[in-house]
Amino acid sequence: MAKVVIISGSPTPTSRLHGVIEVAKSELLQAGLEVDWIKVRDLPPEDLLYAKFDSEAIVDASKRVAEADAVFVATPVYKASYTGVLKAFLDLLPQKGLERKIVLPLAVGGTYAHLLAIDYALKPVLSVLGAQNILQGVYVLDKQVTWGEQGQAILDDEITARLQESVSQFIQEIKWHTSR
């Protein structure tokens, strides 16, 4: 069974990003993929801040990334870029930590002015980490995600269609890659 690891760079547990990830995760599970979710905010802050490569939590998280066939990297957009907590984690991955992995980036931001944060901020770092198969990213506006009465994320029709299309392509790439 192919394995996907989700890396969430949101510093808050109830962000819109979290809701979008839940929707994508559901589709990945329905496709029969094994899904693991690293919530960077749950890693020890001092390990991230002081770059403790040898910390048990960092070693474990890095191992989970290494064992994955594909990586779904998700972040809110702050100051026209991905979050610092995500950067701190990515800095702790091995130099070629994303080599031979299919990567799908996703960002949630407040304005279309930050649409290029995926291409100009996140993708270069993913490339430096060895990712060669970085799929077209998905950018979601805050206003495209609302919350239902049960606490579930409700995505508007446009973003639902784009997310489904991107996740379907991600799944197809994973299955093709792991069947070789």
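Residues numbered from 1 in each chain as written. Predicted model: local features only at pLDDT ≥ 70, side-chain atom pairs only at ≥ 80, totals over all residues. Heavy atoms only, no water.

Draft legend 1. Molecular detail of the environment of G97. With respect to the helices and strands, the residue G97 is situated in the loop between α4 (84-92) and β4 (102-109). C-alpha of G97 to C-alpha of G130: the two residues are 33 residues apart in sequence and 6.5 Å apart in space. For G97, the residues in contact, after removing those within four places along its chain, are V65 and L129. (Helix = DSSP H or I, 4+ residues; strand = E, 2+ residues; numbered from the N terminus. Contact = heavy atoms within 4.5 Å.)

Draft legend 2. Structural context of the nonpolar core. Residues F72, L106 and F170 are the most contacted members of the largest nonpolar core, which totals 30 residues. Of all the elements in the fold, those that place two or more residues in this core are β1 (3-8), α1 (16-30), β2 (34-39), β3 (70-76), β4, β6 (138-141), β8 (153-155) and α6 (157-179). Top element by residues in this core is α6. It accounts for six residues. The residues touching L106, leaving out its near neighbours within four places in the chain, are L17, V20, F72, V73, A74, T75, I118, V138, V140 and L163. Counting 28 residues, the second-largest nonpolar core is a separate cluster that includes L48, A68, L86 and A121. (Core = buried A, V, L, I, M, F, W, Y, C linked by side-chain atoms within 4.5 Å. Buried < 20%, exposed > 50% of the residue type's maximum accessible area, 1.4 Å probe, protein only.)

Draft legend 3. Region of the structure containing the pairing of β2. When β1 meets β2, the two strands line up parallel, connected through six bridges. Residue S8 lies in a different strand from β2, and its bridge partner there is K39. Considered for its hand, the β-α-β crossover made up of β1, α1 and β2 is right-handed. (Pairing = 2+ DSSP bridges. Right-handed = clockwise from strand over helix to strand, strands pointing away.)

Draft legend 4. Fine view of a nonpolar patch on the surface. A cluster of nonpolar side chains, namely Y112, L115, L116 and Y120, defines an oily patch on the protein surface of about 470 Å² accessible area. Inspection of the secondary structure puts L115 in the loop between β4 and α5 (117-128). With relative accessibility at 40%, the residue L115 sits in the partly exposed group. (Patch = residues over 30% accessible without salt bridge, like charges linked within 9 Å, V, L, I, M, F, W, Y side chains within 5 Å. Areas by Shrake-Rupley, 256 points an atom, 1.4 Å probe, with all protein chains shown as cover. Salt bridge = Lys/Arg side-chain N within 4 Å of Asp/Glu carboxyl O.)

Draft legend 5. Inspection of α5 at higher detail. Its 12 residues place the ends of α5 16 Å apart at the C-alpha level, agreeing with the 16 Å of an ideal helix rising 1.5 Å per residue. Contacts made by the buried residues of α5 are with β3, α4, β4, β5 (133-134) and β6. A positive phi of about 100° marks G130, the residue just after α5. (Expected span 1.5 Å × (residues − 1).)

Draft legend 6. Quick peek at unusual backbone geometry. Phi angles above zero are rare outside glycine, and A80 is one such case at about 65°. Along the chain, the position of A80 falls in the loop between β3 and α4. If you check the backbone angles, R100 has positive phi at about 60° while not being a glycine. For R100, a relative accessible area of 63% corresponds to the exposed category.

Draft legend 7. Highlighting the UniProt feature "domain: NADPH-dependent FMN reductase-like" (unreviewed entry) in the protein chain. Using the residue numbers shown here, the UniProt feature "domain: NADPH-dependent FMN reductase-like" (unreviewed entry) corresponds to residues 3-144. Strand forms 23% of residues 3-144 and helix 37%; the C-alpha atoms that close the span are 29 Å apart. (UniProt positions renumbered as here; feature names shortened; annotations may be inferred.)

Draft legend 8. Summary view of the side chain of D36. By secondary structure assignment, the location of D36 is in strand β2. Not counting chain neighbours up to four residues away, the residues in contact with D36 comprise K3, V4, V5, I6 and R64.

Draft legend 9. Seen up close, the packing of aromatic side chains. Scanning the model with the defined rule gives one aromatic pair in all. Aromatic pair F72 and F170: ring centres 6.2 Å apart, planes at 55°, arrangement tilted. Of the two residues, F72 is situated in strand β3 and F170 in helix α6; the sequence distance between them amounts to 98 residues. Each member of the pair, F72 as well as F170, is classed as buried. Over the aromatic face of W37 sits the side chain of K39, whose NZ or CZ is 4.4 Å from the ring centroid. (Phe/Tyr/Trp six-rings, centres within 6.5 Å; stacked < 30°, edge-to-face > 60°. Lys NZ or Arg CZ within 6 Å of the ring centre and 35° of its normal.)

Draft legend 10. The pattern of salt bridges, seen in detail. The full count for this structure, using the stated rule, is nine salt bridges. Among the ionic pairs, K123 bridges to D119, the shortest N-O distance being 3.2 Å. In this pair, K123 and D119 are both assigned in helix α5, four residues apart and thus about one turn of the helix distant. Assessed through its relative accessible area of 17%, K123 is described here as buried. For D119, a relative accessible area of 34% gives the class partly exposed. In the salt-bridge network here, residues are joined through shared partners; they are K3, K63 and E67.

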